[in-house]
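Observations on the three-dimensional arrangement
Each chain, written out:
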Amino acid sequence: MIKFSCTQCGHSYRVSDEYAGKKVKCKGCGTANTIPHAQPAEKPVIGSGDSIAAYNNLLQELLKYEQQAPPIEAQTTKD
């Protein structure tokens with residue numbers, strides 16, 4: 001799906017990729033616009049693997065402390 005705006009009035013449109021390169025008249029102002037080609041999908045953020053590794057390290061650290069912690073006994077009260 002291609003998203004583009006009229007070069008004159010800014011009216012926005014969404015059209016199928018098959019219309020890339022074709023000329024169309026804006027419904028708002030009548031200006032002739034050429035439909036741009038589809039933009040490639042955005043690449044993932046570089047370094048996101050580092051964030052995942054840091055998160056996994058943190059989880060391992062928390063698990064270690066959880067295993068070392070003494071058990072807690074729940075106390076119930078009678079009304």
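**Describing the pattern of salt bridges**
Within the structure shown, the criterion is met by one salt bridge. For Glu61, the salt bridge identified is with Lys64, shortest N-O distance 3.6 Å. Of the two residues, Glu61 and Lys64 are both situated in helix 1 (residues 48–68); the distance of three residues between them amounts to about one turn of the helix. Residue Glu61 is classed as partly exposed on the basis of its relative accessible area, which comes to 34%.

**Re the pairing of strand 1 (residues 2–5)**
Residues Ile2 and Phe4 line the buried face of strand 1, whereas the alternating positions Lys3 and Ser5 sit on a face that is not buried. Relative to strand 2 (residues 12–15), strand 1 runs antiparallel, the two sharing four bridges. Bridging across to strand 2, Ile2 finds its partner in Val15. With antiparallel pairing between neighbouring strands as the criterion, strand 1 and strand 2 make up a hairpin whose turn holds six residues, including Gly10 at a positive phi of roughly 85 degrees.

Definitions and limits used
- Residues numbered from 1 in each chain as written.
- Predicted model: local features only at pLDDT ≥ 70, side-chain atom pairs only at ≥ 80, totals over all residues.
- Heavy atoms only, no water.
- Salt bridge = Lys/Arg side-chain N within 4 Å of Asp/Glu carboxyl O.
- Helix = DSSP H or I, 4+ residues; strand = E, 2+ residues; numbered from the N terminus.
- Buried < 20%, exposed > 50% of the residue type's maximum accessible area, 1.4 Å probe, protein only.
- Pairing = 2+ DSSP bridges.

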